[in-house]
Amino acid sequence: MAAKTVKKQLPYFLLVFLIPVTLVLWWWGLFSSADVEIAERGNYRYAYLEADGPYSKLSSKQEEVLHELVDQNIQPGPEITLIFSDPRTTPYKELHARAGFIIDADAKPAAPIQVDTVPVRKVFVASIKAHPLLAYGKTYSKVLEFVKSKDMPLNLPTVEIVDDSVLSVEMPLNPVPESQPNAGVSP
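Residues numbered from 1 in each chain as written. Predicted model: local features only at pLDDT ≥ 70, side-chain atom pairs only at ≥ 80, totals over all residues. Heavy atoms only, no water.

Digging into the side chain of Asp116
Cut-off, in case you're wondering: Each helix corresponds to a stretch of at least 4 residues labelled H or I by DSSP, and each strand to a stretch of at least 2 residues labelled E; elements are numbered beginning at the N terminus. Definition of a polar contact: a pair of N or O atoms within 3.5 Å, with one able to donate and the other able to accept a hydrogen when the atoms are protein atoms, and with sequence-neighbouring residues admitted only if both atoms are side-chain atoms.
Here Asp116 shows up in strand β5 (residues 114–118). At 2.6 Å, the side chain of Asp116 forms a polar contact with the side chain of Arg98.

Below is the structure:
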């Protein structure tokens, strides 16, 4: 009797629960995979603030930069984050990044905002259109697969750009000397 009731309720379960949940996960990009390529990217002029500590707090630093740019009547472009520390090998209190926005060449942000440029360079790019909860894991897994397949280290800084819900993670193909923490980045 109980088995017959379960069979009877199964179509309702699928219709009311399983199908909507699957559609939401599909919309968020759960079933997507990151596209990869080797390309020349760069010459990004960006406004930023330094961020130390856990990368989970980068979004609040991004909000600070956005607030400052809006207050200074500067139109922010896509979000940009430069990751200088590998979270797999660096204690979370020592992680270092820059969080900000790409800006026009003629924009002149004032303090506390800083300005820098990522020059054109050859990079490995992983990009995906997905919800941020899924996008970062999927793109960085592709970057780490590439690094492992080439038997090379993770070259930092990686550059993360979010534009129209598409996350692109760019890793320089040539290693950056450790004596130059801002190499690959110029004023």
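There's more to say after this.
Quick notes on the pairing of strand β4 (residues 96–102)
Within a regular strand, side chains alternate between the sheet's two faces. Spelled out, the test is: For every residue, the accessible area (1.4 Å probe, protein chains only) is compared with the maximum for its type, and the residue is labelled buried under 20%, exposed over 50%, or partly exposed between those bounds. In short, DSSP must find at least two bridges between two strands for them to pair.
Of all 7 residues in β4, 6 are buried; the element is thus mostly enclosed. Here strand β2 (residues 44–52) pairs with β4 via 7 bridges, running antiparallel. Counterpart to Glu50 in the pairing with β4 is Arg98.

A look at the sheet that holds strand β7 (residues 158–163)
Note the cut-off: Whenever a helix is involved, its axis is fitted only over the stretch in contact; in every case the axis is a line through C-alpha atoms, and angles between N-to-C directions fall within 0 to 180 degrees. The criterion used for residue contact is that any of the two residues' heavy atoms lie within 4.5 Å.
The 8 strands lie next to each other as β1-β6-β8-β7-β3-β4-β2-β5, forming an open sheet whose pairing is antiparallel. Both edges of this open sheet fall to β1 (35–41) and β5, since each of them pairs with a single strand only. Each adjacent strand pair in this sheet contributes to an overall mean axis angle of 30°, direction not counted. Here strand β3 (residues 79–83) runs beside β4; their pairing, made up of 5 bridges, is antiparallel. Paired with Ile83 across the bridge in β4 is Ala97. Along the sheet, helix α2 (residues 58–71) makes contact with β2, β3 and β4, crossing β4 at roughly 40°. Across the sheet, helix α3 (residues 132–149) lies against β1, β3, β6 (121–129), β7 and β8 (166–172), angled at about 140° from β6, the strand it touches most.

Section: the environment of Ile74
The topology assignment puts Ile74 in the loop between α2 and β3. A relative accessible area of 10% places Ile74 in the buried class. Among residues more than four places away in sequence, those in contact with Ile74 are Leu69, Ile103, Ala107, Lys108 and Pro109.

A closer look at the environment of Val120
Within the secondary structure, Val120 sits in the loop between β5 and β6. Ignoring any residue separated from it by four or fewer positions in sequence, one finds Val120 in contact with Glu40, Arg41, Gly42 and Asn43.

Regarding the nonpolar core
The criterion, for reference: By nonpolar core we mean a set of buried residues, namely Ala, Val, Leu, Ile, Met, Phe, Trp, Tyr and Cys, connected to one another through side-chain atoms within 4.5 Å.
If you look at the biggest cluster of nonpolar residues, it comprises 23 residues, and the most contacted ones within it are Tyr55, Leu58, Ile83, Phe124, Val143, Leu154 and Met171. Looking at this core, the elements with two or more residues in it are β4, β6, α3 and β8. Among the elements that take part in this core, α3 stands out by supplying 5 residues, more than any other. If we ignore the near neighbours within four places in the chain, the residues touching Val143 are Phe124, Ala126, Leu154, Val169 and Met171. With 10 residues, the next largest nonpolar core counts Tyr48, Ile80, Phe84 and Val159 among its residues.

With respect to α3
Which entries qualify depends on this criterion: Multiplying 1.5 Å by the residue count of a helix minus one yields the expected span of that helix.
Look at α3: 26 Å from first C-alpha to last across 18 residues, which is about the 26 Å you get at 1.5 Å a residue. Among all positions of α3, only Leu134, Ala135, Thr139, Tyr140, Val143, Phe146 and Val147 are buried. Two residues or fewer after α3 comes Asp151, characterised by a positive phi angle close to 50°.

Side note on the confidence of the model for the protein
This is how it is decided: By definition, pLDDT measures how confident the predictor is in each residue, and it falls between 0 and 100.
This prediction gives the protein a mean pLDDT of 86; 80% of its residues lie at or above 70. A low-confidence stretch, residues 183–187 stays under pLDDT 50, and its non-local contacts, those more than four residues away or across chains, total 18 contacts.

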